[in-house]
Amino acid sequence: MEYHRIIISADEAIKNNNIPLAVDLLKDALKENPLSVEASYKLGLLNFKLGDLEKSITYLKKTISLNPKFASAYSSLGVIYFRLKNKNLALENYLKSIELDPKNFLTNYNLGNYFLFYDDLENSEKYFLKSIDLQPKNFYPYNNLFQIYDRSNNLKKLDQIIKKILNSFDRTSDVLFLEGIYEFRKKNYKKTIKIFEDLNFDENKTQRNTLKANILAKSYDYIGEYSKAFKYFTIANNIMEQSTKDKFDKKKYIDLVKTKLNFFSNNSFKINTNIEIYDQHIDPVFLIGFPRSGTTLLDTILRSHKSINVIEEKSLVDDLIKDFNKIINNNFSNLNLITNDKVKELRNSYFNKREVLCGFEKKIVYVDKMPLNIIYVAELNKIFPKAKFILALRNPYDVVLSCFMQPFIPNDAMSNFYNLKDSTDLYDLIMELWKKYNQILTLNTHTVKYESVVNYFDDTIKELINFLNIEWSNELKNFYLTAQKRGIIHTPSYDQVNQPLYKQSILKWKNYSGQFLETKAKLSKWAEIFKY
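Reading the values: rules and limits
Residues numbered from 1 in each chain as written. Predicted model: local features only at pLDDT ≥ 70, side-chain atom pairs only at ≥ 80, totals over all residues. Heavy atoms only, no water. Salt bridge = Lys/Arg side-chain N within 4 Å of Asp/Glu carboxyl O. Helix = DSSP H or I, 4+ residues; strand = E, 2+ residues; numbered from the N terminus. Buried < 20%, exposed > 50% of the residue type's maximum accessible area, 1.4 Å probe, protein only. Axes fitted to C-alpha atoms, helices over the stretch in contact; angles between N-to-C directions. Parallel < 35°, antiparallel > 145°, perpendicular 65-115°, else oblique. Left-handed = near helix turned anticlockwise from the far one by under 90°. Contact = heavy atoms within 4.5 Å. Nonpolar A, V, L, I, M, F, W, Y, C, P; charged D, E, K, R; others polar.

Enquirer: Break down the pattern of salt bridges for me, citing the residues and quoting the values.
Expert: Two side chains carrying opposite charge are able to pair once their charged atoms lie near each other. In this structure the tally under the stated criterion is 26 salt bridges. Here Lys 369 makes a salt bridge to Asp 299, at a shortest N to O gap of 3.9 Å. Of this pair, Lys 369 sits in strand β3 (residues 365–369) while Asp 299 sits in helix α16 (residues 295–302), placing them 70 residues apart in sequence. Note on accessibility: Lys 369 and Asp 299 belong to one class, buried. Across the pair Glu 313 and Lys 369 runs a salt bridge whose closest N-O atoms are separated by 3.0 Å. Of this pair, Glu 313 sits in the loop between β2 (308–312) and α17 (316–327) while Lys 369 sits in strand β3, placing them 56 residues apart in sequence. Using a relative accessible area of 30% as the deciding quantity, one classes Glu 313 as partly exposed. The buried category is assigned to Lys 369, whose relative accessible area is 0%. What you see here is one network of salt bridges that share partners, running through Asp 299, Arg 303, Glu 313 and Lys 369.

Right, here's the structure in full:
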């Protein structure tokens with residue numbers, strides 16, 4: 001079969017979604033014509049679609065060798081390297097594509113997504129705006145700009161983009177969804193309710209349906225209709241639970257915590273820590289606590305001090321624990337068998353990864369914030385015997401309610417927050433583990449109650465700053481102004497961090513007191529222990 005007929009047959013196979021046949025035909029085409037740019041390029045795209053990224057790269061590079069000015073081939077390579085998290089090669093190929101074809105909508109749009117992924121909001125905004133100039137009727141760059149301005153709390157630009165969206169597009173469900181979020185951010189809760197009550201998405205749009213129900217719930221909560229609020233929080237959580245039940249296992253996380261608690265409770269085991277200096281590094285500060293206990297508020301306050309760098313919910317400790325578990329063969333009984341050399345290796349790994357994330361300056365205090373790192377305190381104490389721990393506390397009832405209300409990104413741990421009972425059970429388990437750690441370990445800990453921060457800000461934060469051996473700065477009082485400059489905020493409470501302190505969240509659980517009958521005993525126990 002001659003080359004052109006093979007190409008026609010391959011195109012027909014692609015049209016019919018018979019990708020394997022199309023690949024075979026295009027290979028035959030290349031045998032007929034080894035210099036075919038078209039066959040090489042299409043093989044690159046089809047192998048990408050099949051998930052064979054290495055072959056895709058090979059064919060796209062061949063395409064470029066045949067035609068060095070083929071902008072789309074560079075753009076496609078950029079997509080692949082971005083998927084492979086090869087930051088530099090992705091950017092290099094995207095920029096080469098733009099150089100060759102500055103008016104290519106898809107490349108500009110992909111560059112916007114690239115910079116958004118790496119938290120470069122200035123460049124992300126630049127390329128999304130250029131995408132809009134190139135295709136004013138394409139909804140996606142408008143949507144992404146809306147997400148940037150929303151998540152970075154830039155309400156002025158959020159106002160501008162929603163007006164452009166409403167002027168440029170019909171009132172589709174996607175447009176109404178953004179309008180509802182916009183009205184929510186403007187605190188026009190009744191308008192949000194009116195929009196969202198009449199808004200319907202296909203069942204398969206899980207994320208949209210979950211967020212719609214959650215925002216409806218919060219809107220009803222803000223206007224004091226608590227029974228309707230609880231109803232929609234439950235709907236939102238049920239949607240997320242059903243859509244992720246085959247992917248995440250709440251019991252897996254529960255078992256992890258139980259294993260730790262049982263081991264340290266049933267053994268007269270004492271962890272040997274070497275308090276001598278392992279290296280030149282200063283041991284870290286860890287900001288821990290149960291989710292929704294005020295860690296994000298403390299994060300926002302602390303980072304307003306020029307001598308503090310808060311590392312916000314990165315995987316530094318997760319990576320460390322994985323390496324740690326390999327050394328002890330997943331058996332806590334081997335904790336004291338770890339040699340000093342192994343501890344040094346773990347420390348070096350942590351500090352090296354941290355430096356990649358945020359650099360290093362001797363005068364800066366680095367605070368590693370991840371609430372649920374509270375379950376790894378035994379391991380962290382072994383590796384960093386001079387570490388400091390900031391424990392964020394909040395009324396147990398308010399904490400559990402807030403976890404139930406929050407649309408967390410799902411994982412094994414967060415899968416325990418779909419109802420109040422599971423949330424309470426996890427709280428009880430983790431706090432029992434924390435209590436046990438304090439009995440068997442020598443920890444340098446400072447506890448900060450959310451309510452104390454709100455009611456007695458100066459005294460509470462001064463005590464915390466003293467614990468960190470840092471001088472007071474008046475910038476700490478203006479933390480919400482610092483938060484307005486932070487860019488994308490990745491925690492669930494992103495829309496609250498740039499607000500001055502408010503008291504509405506204290507004792508909020510009383511609005512839902514009838515929902516706590518099943519969990520009252522466990523929560524009251526901890527309320528008494530923590531003196532609430």
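Back to the write-up after that little detour.
Enquirer: Mind laying out the packing of helix α9 (residues 139–151) against helix α10 (residues 155–168), listing which residues take part and the relevant values?
Expert: Taken N-terminus to C-terminus, the directions of α9 and α10 make an angle of 155 degrees; their axes are 9 Å apart at the nearest point. What the angle tells us is that α9 and α10 run roughly antiparallel. In this structure, α9 crosses over α10, and the sense of that crossing is left-handed. Residues Phe 139, Tyr 142, Leu 145, Phe 146, Tyr 149 and Asp 150 of α9 touch α10, and the partners they reach there are Lys 157, Leu 158, Ile 161, Ile 162, Lys 164, Ile 165 and Ser 168. Classifying every residue of the contact of α9 with α10 by side-chain character gives nine nonpolar, one polar and three charged.

Enquirer: Can you explain the packing of α10 against helix α11 (residues 173–185)? Please cite residues and give values.
Expert: At a minimum axis separation of 11 Å, α10 and α11 run at an interaxial angle of 150 degrees. By the angle between their directions, the pair α10 and α11 is classed as roughly antiparallel. Crossing handedness for the pair α10 and α11: left-handed. Packed against α10, whose contacting residues are Leu 155, Leu 158, Asp 159, Ile 162, Ile 165 and Leu 166, the element α11 presents Val 175, Leu 178, Glu 179, Tyr 182 and Arg 185 at the interface. Split by residue class, the contact of α10 with α11 holds eight nonpolar, no polar and three charged.

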